[in-house]
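So you can see what is in the structure, the chains are spelled out below.
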Amino acid sequence: MNPAVVVEAVRSPMGRARADGAFADLHPVELLAQILTGLVERTGIDPGLVDDVIVGCVTQSSEQSGTVGRQAWLAAGFPEHVPSVTVERKCGSGQQAIHFAIQGVMAGQYDLVIAAGVESMSRVPMGSNRQGSDIFGPSVVDRYAPGLVSQGVAAELIAQQWNLSRETLDEFAVRSHRLAAAAADAGAFDREIVPVTTPAGTVVERDETIRPGTTREKIGALPTVFRTDEAEQRFPELDWRVSAASSSQLTDGASAVLIASDRMAKQLGLRPRATVRGMFACGDDPLMMLTAPIPASRMLLKRTGLGIDDIDHYEVNEAFASVPLAWREELGAHLDRLNPRGGAIALGHPLGASGCRLFTTMLHTLEDTGGRLGLQTICEAGGMANALILERLDA
């Protein structure tokens, strides 16, 4: 088995997915192309040596339907012989791209591979690849009658089961913005961000999603957003606690990670910055949908012989505040180690890019703080999750 090492991890600033957002006029191919260019420039590699470009993207329609990684690679002006493939495991697509890249190196099929992710949620709206479609099929509908629910309702079910109050969810949302704002002000994101130039010539260098002035009083006045007549009739016990503020932001963004075999890294003079101690993916109850990070993390810790106290940094995607809070309670995790630079509530959740974004932030945070081990996990539609443990290597 060939050891795989992490050489570099970068991301774009996060742009709000709306008509006046930072990247609303930027084609997703061009967004990813700039991040791939930044990755290649920072590492100094010959792009012709890359064996594959594995890209996570969820809404593969419209401008993201043409094997977006292949188009981005060509848009960057890189060699035509390098292929690309698009991965879709819902919100975990970017993390799955990393898993596949690591596995390919370990199997001896790759020596130099890029795992990346991109999502332009302002230009390619979420769900536009399945509008008007029956995505379940009659057998799944029959098995889970009276039917599966939306992710928002699933977040409400989690809040109820783990007794997470509206105040608790709102406090966690405020925490996410506070930590992200503090990190941004301290320059903690500077090394991981590749500045992006828009068609108008504007250079975007900072996340525009962070709201430093967020308070519990402000967001406490917001209405809950997933309460419908149908959901109320089916779940009369719910008191509806999840608002837009305690949900991840719709976002435009891209991220990329360079992974190499240990042999190739030595041959090219690349500095290995980390390795992946273990990876795991699993399914869970598709009705609760967002709980799979709990069993995925438990199994990963068991397989690696580690305990939750051995982990210095937890990066749990903030799809909704109830997800990392339930995860923390079940794993007995330390709050101060959980998303210490904020999460998707503040930074945003550009679906296909989020797995690589979490990985990028975790790597840089471990280096900045001297931590050794980081655990990353992300919930996915359909009741699935990916989890990995990153180990920082000495400089």
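As the structure is a computational prediction, the values presented were derived from the model and not from experiment. (Residues numbered from 1 in each chain as written. Predicted model: local features only at pLDDT ≥ 70, side-chain atom pairs only at ≥ 80, totals over all residues. Heavy atoms only, no water.)

## A few points about the packing of helix α1 (residues 28–43) against helix α2 (residues 68–75)
Point 1. One can describe the packing of α1 onto α2 by two numbers: an axis separation of 8 Å at closest approach and a directional angle of 60°. Classified by the angle their axes make, α1 and α2 are oblique. With respect to the hand of their crossing, α1 and α2 are arranged in right-handed fashion. Listed contacts from α2 to Val29, Glu30, Leu32, Ala33 and Leu36 of α1 are Val68, Gly69, Gln71, Ala72, Trp73 and Ala75.
Point 2. When grouped by side-chain class, the residues that make up the contact of α1 with α2 number eight nonpolar, two polar and one charged. (Axes fitted to C-alpha atoms, helices over the stretch in contact; angles between N-to-C directions. Helix = DSSP H or I, 4+ residues; strand = E, 2+ residues; numbered from the N terminus. Parallel < 35°, antiparallel > 145°, perpendicular 65-115°, else oblique. Left-handed = near helix turned anticlockwise from the far one by under 90°. Contact = heavy atoms within 4.5 Å. Nonpolar A, V, L, I, M, F, W, Y, C, P; charged D, E, K, R; others polar.)

## Section: the pairing of strand β9 (residues 274–283)
Point 1. Among the ten residues that make up β9, seven are buried, leaving the element largely enclosed by the rest of the structure.
Point 2. As judged from the nine bridges shared by β9 and strand β12 (residues 384–392), these two strands associate in the antiparallel manner. Following the sheet pairing, Gly283 is matched in β12 by Met384. (Buried < 20%, exposed > 50% of the residue type's maximum accessible area, 1.4 Å probe, protein only. Pairing = 2+ DSSP bridges.)

## Side note on the pattern of salt bridges
Point 1. Applying the stated rule across the entire model yields 20 salt bridges.
Point 2. Arg273 is the partner of Glu8 in a salt bridge, and the nearest nitrogen-oxygen pair spans 2.6 Å. Placement of the pair is Glu8 in strand β1 (residues 4–11) and Arg273 in the loop between α9 (262–268) and β9, with a sequence separation of 265 residues.
Point 3. The exposure class of Glu8 is buried, given its relative accessible area of 9%.
Point 4. Residue classification places Arg273 among the buried residues on the basis of a relative accessible area of 6%.
Point 5. For the salt bridge of Asp262 with Lys266, the shortest nitrogen-to-oxygen distance reads 3.2 Å. (Salt bridge = Lys/Arg side-chain N within 4 Å of Asp/Glu carboxyl O.)

## Re the packing of aromatic side chains
Point 1. Inspection of the entire model under this criterion finds three aromatic pairs.
Point 2. Judged by centre distance (4.6 Å) and plane angle (55°), the ring pair of Trp73 and Phe78 falls under tilted. Phe78 shares its class with Trp73; the two are buried.
Point 3. Over the aromatic face of Phe189 sits the side chain of Arg11, whose NZ or CZ is 5.0 Å from the ring centroid. (Phe/Tyr/Trp six-rings, centres within 6.5 Å; stacked < 30°, edge-to-face > 60°. Lys NZ or Arg CZ within 6 Å of the ring centre and 35° of its normal.)

## Regarding a nonpolar patch on the surface
Point 1. On the surface, a cluster of nonpolar side chains totalling about 260 Å² of accessible area is made up of Ile135, Phe136 and Val141.
Point 2. Mapped onto the secondary structure, Ile135 falls in the loop between β5 (112–120) and α4 (138–143).
Point 3. Judged by its relative accessible area of 46%, Ile135 is partly exposed. (Patch = residues over 30% accessible without salt bridge, like charges linked within 9 Å, V, L, I, M, F, W, Y side chains within 5 Å. Areas by Shrake-Rupley, 256 points an atom, 1.4 Å probe, with all protein chains shown as cover.)

## A few points about the environment of His349
Point 1. Among the structural elements, His349 can be located in the loop between α12 (344–347) and α13 (354–369).
Point 2. In this structure His349 comes out as buried when scored by relative accessible area, which is 4%.
Point 3. A C-alpha to C-alpha distance of 19 Å links His349 and His313, two positions 36 residues apart in sequence.
Point 4. Excluding its chain neighbours within four sequence positions, the residues that come into contact with His349 are Cys91, Met121, Ser248, Gln249, Thr251, Asn317, Ala344 and Ser354.
Point 5. Among the polar contacts made by the side chain of His349, one reaches the side chain of Ser354 at a distance of 2.5 Å. (Polar contact = N/O pair within 3.5 Å; in protein donor to acceptor, adjacent residues only side chain to side chain.)

## Description of the nonpolar core
Point 1. With 53 residues, the main nonpolar core has Leu290, Leu301, Ile311, Tyr314, Trp327 and Ile389 as its most contacted residues.
Point 2. It is helix α5 (residues 151–161) that provides the largest number of residues to this core, a total of six residues.
Point 3. Ignoring sequence-local partners within four residues, the contact set of Tyr314 consists of Ile308, Trp327, Ala333, His334, Arg337, Leu338, Asn339, Pro340 and Leu375.
Point 4. By size, the runner-up hydrophobic cluster in this structure holds 37 residues, among which are Ile114, Val118, Val204 and Ala254. (Core = buried A, V, L, I, M, F, W, Y, C linked by side-chain atoms within 4.5 Å.)

## Comments concerning the pairing of β1
Point 1. Here β1 lies mainly inside the structure; eight of its eight residues are buried.
Point 2. Pairing analysis gives seven bridges linking β1 to strand β8 (residues 251–261), with the strands arranged antiparallel. Looking at β8, one finds that Arg11 is bridged to Ser255.

## Focus: α2
Point 1. Of all the residues in α2, the buried ones are Val68, Gly69, Ala72 and Trp73. Buried residues of α2, viewed axially, fall in a sector of 135°; they line one side.
Point 2. Buried positions along α2 lie against α1, β3 (52–56), β4 (84–87) and β5.
Point 3. Looking at the residues trailing α2, positive phi occurs at Gly77, about 85°. (Arc of directions from axis to C-beta.)

## Topic: the side chain of His177
Point 1. Looking at the secondary structure, you find His177 in helix α6 (residues 166–185).
Point 2. Judged by relative accessible area, His177 falls into the buried class, the value being 4%.

## A few points about unusual backbone geometry
Point 1. Cis geometry marks the peptide bond from Ala145 to Pro146; its omega dihedral reads 10°.
Point 2. Structurally, Pro146 can be placed in the loop between α4 and α5.
Point 3. In this structure, Ser62 takes a positive phi of about 50° despite not being glycine.
Point 4. Tracing the sequence through the fold places Ser62 in the loop between β3 and α2.
Point 5. For Lys90, which is not a glycine, the phi torsion comes out positive at approximately 50°.
Point 6. Tracing the sequence through the fold places Lys90 in the loop between β4 and α3 (93–106).
Point 7. Lys90 sits in the partly exposed class, given a relative accessible area of 27%.

The quantities given are spatial measurements derived from coordinates; they are silent on function.
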